[in-house]
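# Descriptive analysis of the structure
Here is how the chains run, residue by residue.
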Amino acid sequence: MMFSLRVILWLALHLLPEVKSSMVKLYNNGYEGIVIAINPNVTEDENLIQNIQKMVTEASTYLFHATKQTVYFRNVSILLPMTWKSKSEYLLAKQESYEQADVIVAEPYQKYGDDPYTLQYGQCGEKGQYIHFTPNFLLTDNLAVYGPRGRVFVHEWAHLRWGVFDEYNVDRPFYIFKKNTIEATRCSTSITGRNVFKDCQGGSCVIRDCRRDAQTGLYEAKCTFIPDKSQTAKDSIMFMQNLDSVTEFCTKKTHNAEAPNLQNKMCNHRSTWEIIKESDDFQNASPITGIKVPPHPTFSLLKSKQRVVCLVLDKSGSMSAEDRLIRLNQAAELYLIQIIERGSLVGMVVFDHIAEIKNNLIRIGEENAYLNITRNLPQNADGGTSICNGLKAGFQAITSSNQTTSGSEIVLLTDGEDNSISQCFEEVEQSGATIHTIALGPAAAKELETLSNMTGGHRFYANKDINGLIDAFSRISSRSGSISEQAIQLESKSLNVSGKTWVNGTVYVDSTIGTDTYFVVTWTTQKPQIILQDPKGKQYNASEFKEHKLNIRSSRLQIPGIAETGTWTYNLLNNQIRPQLLSVTMTTRARSPSVLPIIAVAHMSQNIAQYPNPATVYARVSQGFMPVLGVNVTAMIETEDGHQVTLELWDNGSGADTIKNDGIYSRYFTEYNGNGRYSLKVRVQARNYTAKQRLRQNNKSLYVPGYVVNGTIVLNPPRPEVKEDLAEAKLEGFSRVTSGGSFTVSGAPSAGNSVPMFPPNKITDLEAEVKEDHIHLSWTAPGSTLDKGKAANYIIRISKCFQELQHNFDNAAVVNTSGLTPKESGSKETFGFEPELFKVETGTKFYIAIRTNNEANLTSEVSNIASAIRSNVPQDSSSPALGTNISAVSLAIWGLVVILSVI
């Protein structure tokens, strides 16, 4: 009974339908299992560890008070790279990895500043991916520009854990409030300060009053809000956590709902504290009474070890069907030769109702190492299926080689049913190993993914297509953060070729990659004729391709040296009379450790999709930490019965996409086709110089320009500027293919019987402006079903009262839209109208919002609320900030020797 209860409790804590396998849990008001991982390229420095500990300790107390004595940090693991020297106090890491860490410490790719930020691209209330601190931020004094590091950590933790957003806006730092006044975009408005024009170039700064723009009515560019150093306002942490008085999040009472910031856009103009209070953490925790300060967090220093992987492969009788055993061998051989990193230790176990160790650990890279494993790939399929026996033999293969299971990985592939997997849950938990599961075919054990979920491993589903298996194995790369060592998939395609027919295709090799490049062709019955040509015209023929002695219907060519940059062309001839299925795979690695490759990472918003709720497909395209924009991203989702759905993913800031141009490409998935496992694959393609990098990050702690101290403006050093050619550098063409793993659908109607139950998606980018007597609107068109298709009609309403649209949309005045026909989803919509019930007068502010209907009469949520005002800018357009005459104010600079011009 004790074992069963323990397993149930463990599963309840760990097997939530989240994609990112964070180990964090909240227990008795304290966060446990937080992992802070240091990138392998960071120089070893004991001060880095000490400053991380100081930051978290300081943050714990600040968090405790900010959440009204509800939560704090109880224990944290700091994961050190394998490259650092070993010490007696360092423990061996278990399932903790850089890839799954909650906080990463890494140099920025390109020196564009040390702003702490959170990779966050879900909807309001959804957890983020990770927090990124640079070593420079943690090792130098940033007090003036960011505030204490502990406060910064809490700001970022709110992004990561609770899915709230920033309450400032660097693109719209000001907005027009009532009576034609200008407010700084902030929360709360109780934070005082001055609005000044600040232009610093080289060693000279110009400081003067802000002037109003005659067309927009707002302040000119380079006007900024400088806060008073001494404040009484307690909120908000998501605006300026650096201010001494700020110790709380904005509440419903203090929230500035009209500020044009991401918090209002994403969370329906609700306060951060309202969103935080609705999170699972606060539904399950009550404030602690009787203590003023929480106990200090405890820290574990963990060290990564060399990569240890054991393949645990099913050879039961069912593997003889549909060439599964052949396909297993093709994919496993590719993994051993092309994917697993050099220097890794790899073993192999095969199992049916019993298990057999075929290889204890062998170091990849040693002479003929991969041959010593691949020659033992299973050739015959028979017997039943015992997954637990396979796992136990896998653990034994690891320990027999003088390695520990802690920190090791198991790649488990099976197609069979097994109702006894739960019998080894406890052993799996205690092993400290990470288990990646590959379900082959629709009959694979339904509990298989539990092993991945409970250990933080990947989960995959592959059906009849060999590329499904190859894609799964290709995704199981090192989790250490050493991207330059990881294999990158350039092509993965299946081709159903008629008899005596040629097929051809192209693959682009860009200048960030080209080392250790392989081109592989597989077939189902007879080897095709193969011609591969590089960008300079050199041809490789079938005779130059190598085949495995076990006749696994696979032939590969390793490109000598560094693969040529440009377009590679392949031609395949099916020599036989009958059709056959051919597949093409091309993999490579980074060209140089000093130049990070462009990568693509894909996943679903959840591991378990419950019909009729939509799921979201995400693909992140980046080079280092820099987003890559302007590429074509296509997702392919396949069900257990082979039904495929293709989706073009967008980075346009509408529908499922949170932020425009952040390198995160998204789309809603609604085309459920029965229950069971679904697989995700993403293809990324860019033509020459259509894609570009973007240095700027969102969801970050604000770089404070300075303070007003006793009437004196004290400026901080200006934020490091980036040259325009680096800020948005254009890229050559490239292609990437990646698996997004698998997810499970439940509650869906049977295949073909799904009825659309989704309204149009909410419009989140509505903009409005007054031009003479008309109001002009612009927004991105939603779909009929969320972000797909074309909606039926728009309902636009207008009011002079913000709260009316926010709380009582249907009672606001309606705008005549008889001449407005919705465009296809993703298109840009524009619409102008003259308010019929209101006179457009100078100083009058209007609020506008939209709802959308589809043909099934389903209605979207109310859009973001846009505002428009006809401003009356006086001839003297200078406007003292908050009533203060800047020319009479003293000025000073922290950390700079500059010349000041007061105009």
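Preceding this section is the structure that the text describes.
The following paragraphs examine the structure supplied in this document. (Residues numbered from 1 in each chain as written. Predicted model: local features only at pLDDT ≥ 70, side-chain atom pairs only at ≥ 80, totals over all residues. Heavy atoms only, no water.)

### Some thoughts on the overall build of the protein
Using the following cut-off: Per the convention used, a helix needs a DSSP run of H or I reaching at least four residues, while a strand needs a run of E reaching at least two, with both numbered from the N terminus. C-alpha atoms define the radius of gyration, and 2.2 Å times the number of residues to the power 0.38 defines the globule rule. Using a 1.4 Å probe on the protein chains alone, a residue whose accessible area is under 20% of its type maximum counts as buried, one over 50% counts as exposed, and one in between counts as partly exposed. The Shrake-Rupley method, run with a 1.4 Å probe, gives the accessible areas here. Residue values count only the displayed protein chains as cover. Here Asp and Glu are counted as negative and Lys and Arg as positive; His is not counted, and neither are the chain ends. By convention, charge coordinates are those of NZ in Lys, CZ in Arg, CG in Asp, or CD in Glu.
Within the protein one finds 17 helices and 53 strands. Taken over C-alpha atoms, the radius of gyration comes to 29 Å for the protein, in line with the 29 Å a tight globule of 903 residues would show. Projected onto its principal axes, the C-alpha coordinates of the protein cover approximately 85 × 70 × 60 Å. Buried positions account for 59% of the 903 residues belonging to the protein. Per element, the accessible surface of the protein, about 36000 Å² overall, is 48% carbon and sulfur. Between the centroid of the 87 positive side chains of the protein and the centroid of its 91 negative side chains there is a distance of 1 Å.

### Some words on the state of the cysteines
Cut-off, in case you're wondering: Only a pair of cysteine sulfur atoms within 2.5 Å qualifies as a disulfide here.
Counted under the stated rule, the structure contains 4 disulfides. Bridging C124 to C267, the disulfide has an S-S length of 2.1 Å. With the S-S dihedral at roughly 105°, the linkage between C124 and C267 falls on the right-handed side. In this pair, C124 is assigned in the loop between β8 (117–119) and β9 (130–133) and C267 in the loop between α7 (262–266) and α8 (272–277), connecting sequence segments 143 residues apart. Paired through a disulfide, C388 and C424 show a sulfur-sulfur distance of 2.2 Å.

### Points about the pattern of salt bridges
Any two side chains of opposite charge can pair, given that their charged atoms come close. Definition in use: In what follows, salt bridge is the name for a side-chain nitrogen of Lys or Arg lying within 4 Å of a carboxyl oxygen of Asp or Glu.
If you walk through the whole model with that rule in mind, you get 38 salt bridges. R736 is paired through a salt bridge with D510; the nearest N and O atoms lie 2.9 Å apart. In this pair, R736 sits in strand β43 (residues 734–746) while D510 sits in the loop between β23 (501–509) and β24 (513–522), placing the two residues 226 residues apart along the sequence. For R736, a relative accessible area of 2% corresponds to the buried category. Shared partners join several salt bridges into a network, and the residues in it are E322, R324, D415 and K464.

### Re the side chain of T585
Rules: Contact criterion: two residues are considered in contact whenever any of their non-hydrogen atoms come within 4.5 Å of each other.
Checked against the element boundaries, T585 lands in strand β30 (residues 580–590). What makes T585 buried here is its relative accessible area of 0%. Setting aside anything within four residues of it in sequence, one finds T585 in contact with L334, N467, I470, Q489, E491, Y518, F519 and V520.

### Describing the environment of N854
Condition: A 3.5 Å cut-off defines polar contacts: any pair of N or O atoms within that distance qualifies, except that in protein one atom must be a possible hydrogen donor and the other a possible acceptor, and neighbouring residues in sequence count only when both atoms are side-chain atoms.
Locating N854 in the fold gives a position in the loop between β49 (845–853) and β50 (866–869). Of the residues examined, N854 reaches a relative accessible area of 6% and is grouped as buried. Sequence separation between N854 and A285 is 569 residues; the distance between their C-alpha atoms is 41 Å. With near-sequence residues (within four places) excluded, N854 lies in contact with F758, P759, P760, S784 and A792. A polar side-chain atom of N854 sits 2.8 Å from the main-chain amide nitrogen of L858.

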